[in-house]
Amino acid sequence: MPFDLGDTARLTATCTDAGGTATNATAATLTIGLPDGTTVTPAVTNPPATAGQYSYDYVTTQAGRHSVRWVFTTPACAYTDVLDVRDAVPPLLFSLAAAKKKLDIPATSTADDDELREFVEATTRCVEFFTGPVVPRTVTEVTSGGTERMLLHTTPVLSVTSITGVEPWQLEIPVSAVDVDTDTGVLRRSDWLVFWPGPYRVVYLAGRRAVSANISLAGKLILQHLWRTNYGASRGLAGIGGGEDFSVTEQIPGLGYAIPNRALQLLQADRDIGGIA
């Protein structure tokens, strides 16, 4: 499961000899590959009393996928792993408390919190596949000028932050001179001019100011449906709720097994036919 940005990730590895017996090495090297392409190699010394057991507490500083590579000498041994770090503010359709309430998990029960937060993130992604972005986020997109209008691909658009030329000879277009159709993402000049030729980098805010009840409920139904897979053959537990279309063996035509019909029906009023999120 992903770590939160700023969390301490305990990285562990076991050094074994050719026969598979845990053994202390004469040297141990830990290399952590960061999402920006750089690496760090913290010193790893003084393994604990248990033979061959090594660990390092790494404080995460970047969001994204990290590679973890342990290399031991005498005996020769290596181990590779990965860890994921969430963005500082990941898109979440609803809170952990709301998720627990929907699943009838007591607020005082925290054993599944980390896994449940990952389910909420996945649910948000599922919903936004159909509706476009719900949780506001900044989008940077390059689009072409030379016409009376530009089309932004991520909708709904809440506001445009800046429009700057990619080429050095292009002039920045003031946001005050642009009108945006928030539903379609169409930008038009409001000063009777056209967008000058060339590629432009547009920075804008996409999403919704408020989450409508049908979107929120659809998300909770998807969460409920996905959470039932944790229970295997007992996924029909009454405490989790749901009806026949919650069976994870029943597919929605044209889709997969992750989205129950009732959730899809709730999203129809806000569905982005293009499926761009």
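Because the structure is predicted, anything quoted here is derived from the model rather than measured. (Residues numbered from 1 in each chain as written. Predicted model: local features only at pLDDT ≥ 70, side-chain atom pairs only at ≥ 80, totals over all residues. Heavy atoms only, no water.)

Draft legend 1. Layout of the environment of Thr-31. Structurally, Thr-31 can be placed in strand S2 (residues 27-33). For Thr-31, a relative accessible area of 25% translates into the label partly exposed. When the C-alpha atoms of Thr-31 and Val-71 are compared, they prove to be 8.4 Å apart, with 40 residues separating the residues in sequence. Aside from chain neighbours lying at most four places away, what touches Thr-31 is Thr-39, Val-40, Thr-41, Ser-67, Val-68 and Arg-69. (Helix = DSSP H or I, 4+ residues; strand = E, 2+ residues; numbered from the N terminus. Buried < 20%, exposed > 50% of the residue type's maximum accessible area, 1.4 Å probe, protein only. Contact = heavy atoms within 4.5 Å.)

Draft legend 2. How the structure looks around the sheet that holds strand S12 (residues 199-206). Taken together, the three strands give an open sheet; going across it, the order is S7-S12-S9, and neighbouring strands pair in antiparallel fashion. Looking at the sheet topology across the chains shown, the edges are occupied by strand S7 (137-144) and strand S9 (157-165). Averaged over all pairs of adjacent strands, the angle between their axes in this sheet comes to 25°, without regard to strand direction. Pairing between S9 and S12: seven bridges, direction antiparallel. (Pairing = 2+ DSSP bridges. Axes fitted to C-alpha atoms, helices over the stretch in contact; angles between N-to-C directions.)

Draft legend 3. Examining the packing of helix H2 (residues 113-131) against helix H3 (residues 213-227) more closely. Running from N to C, H2 and H3 point in directions that differ by 130°, and their axes come no closer than 9 Å. Taken together, the axes of H2 and H3 lie oblique to each other. For H2 against H3, the interelement crossing comes out right-handed. Between H2 and H3, the contacting residues are Glu-115, Leu-116, Phe-119, Val-120, Thr-123, Cys-126, Val-127 and Thr-131 on the first element and Ile-215, Gly-219, Ile-222, Leu-223, Leu-226 and Trp-227 on the second. Tallied by class, the residues present in the contact of H2 with H3 amount to 10 nonpolar, three polar and one charged. (Parallel < 35°, antiparallel > 145°, perpendicular 65-115°, else oblique. Left-handed = near helix turned anticlockwise from the far one by under 90°. Nonpolar A, V, L, I, M, F, W, Y, C, P; charged D, E, K, R; others polar.)

Draft legend 4. Summary view of H2. The end-to-end C-alpha separation of H2 is 27 Å, in line with the 27 Å expected for 19 residues at 1.5 Å each. Every buried residue belonging to H2 is among Asp-113, Leu-116, Phe-119, Val-120, Thr-123, Thr-124, Val-127, Glu-128, Phe-130 and Thr-131, and all of these are buried. Looking at the buried positions of H2, the neighbouring elements they touch are helix H1 (96-102), S7, H3 and helix H4 (261-267). One or two positions beyond H2, positive phi appears at Gly-132, with a value near 80°. (Expected span 1.5 Å × (residues − 1).)

Draft legend 5. Layout of the side chain of Ser-162. Looking at where Ser-162 falls in the secondary structure, it is placed in strand S9. Residues within four places of Ser-162 in sequence aside, it is in contact with Glu-172, Val-175, Arg-201, Val-202 and Val-203.

Draft legend 6. Summary view of the pairing of strand S10 (residues 178-181). The sheet contact formed by S10 and strand S11 (residues 186-189) spans four bridges and is antiparallel. Residue pairing in the sheet places Asp-179 in a bridge with Arg-188 of S11. Counted along the chain from S10 to the antiparallel partner S11, the turn is four residues long, and its residue Gly-185 has a positive phi close to 80°.

Draft legend 7. Just the nonpolar core, in detail. Residues Phe-94, Leu-116, Val-127 and Leu-223 are the most contacted members of the largest nonpolar core, which totals 23 residues. Those elements that place two or more of their residues in this core are H1, H2, H3 and H4. With seven residues, the top contributor of residues to this core is H3. Contacts of Leu-116, omitting those with residues within four sequence positions, involve Leu-96, Ala-99, Lys-100, Leu-103, Ile-105, Leu-223 and Trp-227. If you look at the next biggest cluster of nonpolar residues, it comprises 18 residues, including Ala-25, Ala-28, Trp-70 and Cys-77. (Core = buried A, V, L, I, M, F, W, Y, C linked by side-chain atoms within 4.5 Å.)

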